[in-house]
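Examining the three-dimensional arrangement
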Amino acid sequence: MAGGLSAYFARTFSPRTIFSGCPLLTRLPRSGGNAVALTFDDGPHRDTTPRILDALAAADARATFFVVGERATQYPEIVRRIVREGHTIGIHGLQHRTMVLQSESEIERGLEEALMRIEQAAGEKLPRPLLLRPPYGFRTRTLARTAQRLGFVTVAWSLDPRDYDPTDTETLTA
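This text gives an overview of the structure that appears in the document. Given the structure is predicted, the values throughout are model-derived calculations rather than measurements.

Going from Gly43 to Pro44, the amide bond is cis rather than trans, its omega being 5 degrees. By the element assignment, Pro44 lies in the loop between β1 (39-43) and α2 (48-58). Although it is not a glycine, Asp42 sits at a positive phi angle of roughly 80 degrees. When you line up the elements, Asp42 lands in strand β1. On the basis of relative accessible area, Asp42 is assigned to the partly exposed category, the value being 36%. Its identity as a non-glycine residue notwithstanding, Asp60 has a phi of 50 degrees, on the positive side. Locating Asp60 in the fold gives a position in the loop between α2 and β2 (64-67).

Right, let's get into the pattern of salt bridges. In total, this model carries eight salt bridges according to the counting rule given. Its salt-bridge partner being Asp60, residue Arg62 comes within 3.5 Å of it at the nearest N-O pair. Under the relative-accessibility criterion, Arg62 is labelled partly exposed at 45%. The salt bridge involving Arg149 is made with Glu108; its shortest N-O contact spans 2.9 Å. Remark: Glu108 occurs in helix α5 (residues 104-122) and Arg149 occurs in helix α6 (residues 141-149); sequence separation between them is 41 residues. Glu108 sits in the partly exposed class, given a relative accessible area of 22%.

On to the packing of helix α4 (residues 76-84) against α5, then. The contact between α4 and α5 brings their axes to 7 Å, and the two run at 80 degrees. The angle between α4 and α5 places the two elements in the roughly perpendicular class. Residues Pro76, Val79, Arg80 and Val83 of α4 pack against Ile118, Ala121 and Ala122 of α5. Its residues assigned to classes, the contact of α4 with α5 shows six nonpolar, no polar and one charged.

Below, the discussion takes up α4. Residues spaced three or four apart along an α-helix face the same direction, because each turn holds 3.6 residues. Among the residues making up α4, those that are buried are Ile78, Val79, Arg81, Ile82 and Val83. Contacts from the buried residues of α4 go to α2, β2, α3 (69-74), β3 (88-91) and α5. After α4 finishes, the residue Gly86 shows a positive phi value of roughly 85 degrees.

Each value, and the rule that gives it
- Residues numbered from 1 in each chain as written.
- Predicted model: local features only at pLDDT ≥ 70, side-chain atom pairs only at ≥ 80, totals over all residues.
- Heavy atoms only, no water.
- Helix = DSSP H or I, 4+ residues; strand = E, 2+ residues; numbered from the N terminus.
- Buried < 20%, exposed > 50% of the residue type's maximum accessible area, 1.4 Å probe, protein only.
- Salt bridge = Lys/Arg side-chain N within 4 Å of Asp/Glu carboxyl O.
- Axes fitted to C-alpha atoms, helices over the stretch in contact; angles between N-to-C directions.
- Parallel < 35°, antiparallel > 145°, perpendicular 65-115°, else oblique.
- Contact = heavy atoms within 4.5 Å.
- Nonpolar A, V, L, I, M, F, W, Y, C, P; charged D, E, K, R; others polar.

Spatial relationships are all this shows, so hold off on functional conclusions.
As structure tokens, this is what we get:
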């Protein structure tokens, strides 16, 4: 059954799925010049997130970190560092699980719990995260309606480097 559901989700709820009349993806305003919005999902992670933060600091660059609520509870010191160094926090759910089969009330409870955990981990008054990136980019009308009602802007990506697939640096940067 799990394999069948995975195949179904891959075909039906791909990150590029658009439902007409449903505000699933909001594009951020264009800059006056060339710009790249750097975003990182699924963290914080005890090993990789500090390395990413070090690289961003060395380049004097800022990014948006889409944080998983459970991981914020696990690594509050990394969440505090993200905030302290001037990066934006977005929500990536309470757990890194798809929300496509969840009801509106389940989605709402999960997002509110994730928000509370992220705010607690930050340890200071942080601007309320407004950006939501659903795990795997899977979106439904129910998620879009719920997120909009809660004041979140749902965002995805314009270029997926598929860096989660095993590959070498040359292929990834091509």
